[in-house]
Amino acid sequence: MKSRETHQDHARVVPHRPEAEALIAAPDTRTWLGRRDRLLLHLGIQTGLRVSELINLRVGDLQLGPHSQLECVGKGRKQRVIPLQKNTVRLLTAWLAELPPAREGPLFPTNSGTPLTRAAVGKLVTRHAATAAERCPSLTGKNVTPHTLRHTCAMSLLHAGIDTASIALWLGHASIQTTQIYLHADLELKQRTLERVPALDERPPARYKASDALIAFLKNR
């Protein structure tokens, strides 16, 4: 049975911007697989595509040019078009040069040329999240999954001031009510931040003093 995600689950797994950037930077781009994985993570966060939509993307689904965009078919066979940012277009252009020029070919193939599976994407996200946690300790212990990329996109749009109706269209939600969960997650994050700030009439907490070992570690990073 599929477990029901709560507002707290979404708040816990959605990375902040530095965490998202650390995740994208985790793959070793000196290798073909690393370049593929970096693009997948980047595209997942920029577009908010479901993992099923990512792995079903074909080369022909991309339209790169003055108004770059991609087309995807989501739940209920609903088709939607998502615009692409300039840095995403640069990564895609470089990646397409490494793929066979076949419009029906998978955008994210395996070594044998077949599309990635959901399980394979789950494993690569977990692996790169562990690597990213070495550079960004706040990721340690967080449940980073392929769906986290989608959550991160939604929260980015929300923080950019995009209304929930537009976010629902962007993500392909059947109902705007589904998008409301991100408002709750955002509010909970802000509430936890507020709880760390001393009230105006309270004495601030004792100033944190880093240990000698931590200072030595940071100096060597």
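Residues numbered from 1 in each chain as written. Predicted model: local features only at pLDDT ≥ 70, side-chain atom pairs only at ≥ 80, totals over all residues. Heavy atoms only, no water.

### Thoughts on the environment of P83
To be explicit about the condition: Going along the chain from the N terminus, every DSSP run of H or I of four or more residues is numbered as a helix, and every run of E of two or more is numbered as a strand. For every residue, the accessible area (1.4 Å probe, protein chains only) is compared with the maximum for its type, and the residue is labelled buried under 20%, exposed over 50%, or partly exposed between those bounds.
Along the chain, P83 turns up in strand 3 (residues 79–83). Take P83: its relative accessible area is 43%, and that puts it in the partly exposed class. Considering only alpha carbons, one finds P83 and T47, 36 residues apart in sequence, at a separation of 8.1 Å.

### A few points about the packing of aromatic side chains
Two descriptors summarise a pair of aromatic rings, namely the distance from one centre to the other and the angle between the planes of the rings. For the record, the criterion: Note on ring pairs: Phe, Tyr and Trp rings are taken, using the six-membered ring of Trp, and paired if centres are within 6.5 Å. Classes follow the plane angle, with under 30 degrees stacked, over 60 edge-to-face and the rest tilted.
Within the structure shown, the criterion is met by one aromatic pair. Between W32 and W95, the ring centres sit 5.2 Å apart and the planes meet at 40°, which makes this aromatic pair tilted. Here the residue W32 occupies a position in helix 3 (residues 32–47), and W95 occupies one in helix 5 (residues 86–96), the gap between them amounting to 63 residues. A relative accessible area of 2% means that W95 is categorised as buried.

### Things to note about the nonpolar core
Stated precisely, the cut-off is as follows: Put simply, buried Ala, Val, Leu, Ile, Met, Phe, Trp, Tyr and Cys residues joined by side-chain atoms within 4.5 Å make one nonpolar core. In this description, contact between two residues means that some pair of their heavy atoms is separated by no more than 4.5 Å.
Ranked by internal contacts, the top residues of the largest apolar core, which has 38 residues, are L40, L43, L57, L70, L107 and F108. Broken down by secondary-structure element, the contributors of at least two residues to this core are helix 2 (17–25), helix 3, helix 4 (51–55), strand 2 (69–73), helix 5 and helix 6 (118–135). In terms of residues, this core owes the most to one element, helix 6, which gives six residues. Here L57 is in contact with L43, L49, L70, E71, C72, G105, P106, L107 and F108, once residues within four sequence places are set aside. C153, M155, L157 and I167 belong to the second-largest nonpolar core, a separate cluster that totals seven residues.

### Description of the pattern of salt bridges
Heads up, the condition is: One speaks of a salt bridge when a side-chain nitrogen belonging to Lys or Arg is within 4 Å of a carboxyl oxygen belonging to Asp or Glu.
Here the structure, examined in full by the defined rule, presents eight salt bridges. Note that E21 and R17 form a salt bridge whose closest N and O atoms lie 3.1 Å from each other. In this pair, E21 and R17 are both assigned in helix 2, four residues apart and thus about one turn of the helix distant. Among the residues examined, R17 registers a relative accessible area of 64% and is labelled exposed. For D28, the salt bridge is made with R30, and the minimal N-O distance between the two is 2.9 Å. The exposure class assigned to D28 is partly exposed, which follows from its relative accessible area of 34%. Beyond isolated ion pairs, a larger network of salt bridges with shared partners links R36, D37 and R127.

### Looking at the side chain of R36
Operational definition: Under this definition, polar contacts are N or O atom pairs within 3.5 Å; protein pairs additionally need one hydrogen-donor-capable and one acceptor-capable atom, and for neighbouring residues in sequence, both atoms have to be side-chain atoms.
Of note, R36 is situated in helix 3. In terms of polar contacts, R36 uses its side chain to reach the side chain of D37, at 2.9 Å. Once residues lying within four places of it in the same chain are set aside, the contact partners of R36 are W95, F108, P109, T110, L116 and L124.

### Some words on the pairing of strand 3
The condition is simple: A strand pair is defined by DSSP finding two or more bridges across the two strands.
Burial along strand 3 is one-sided: the face carrying R80 and I82 is buried and the face carrying Q79, V81 and P83 is not. Sheet topology places strand 2 next to strand 3; five bridges connect them, and they run antiparallel. Within strand 3, the position partnered with E71 by the bridge is V81.

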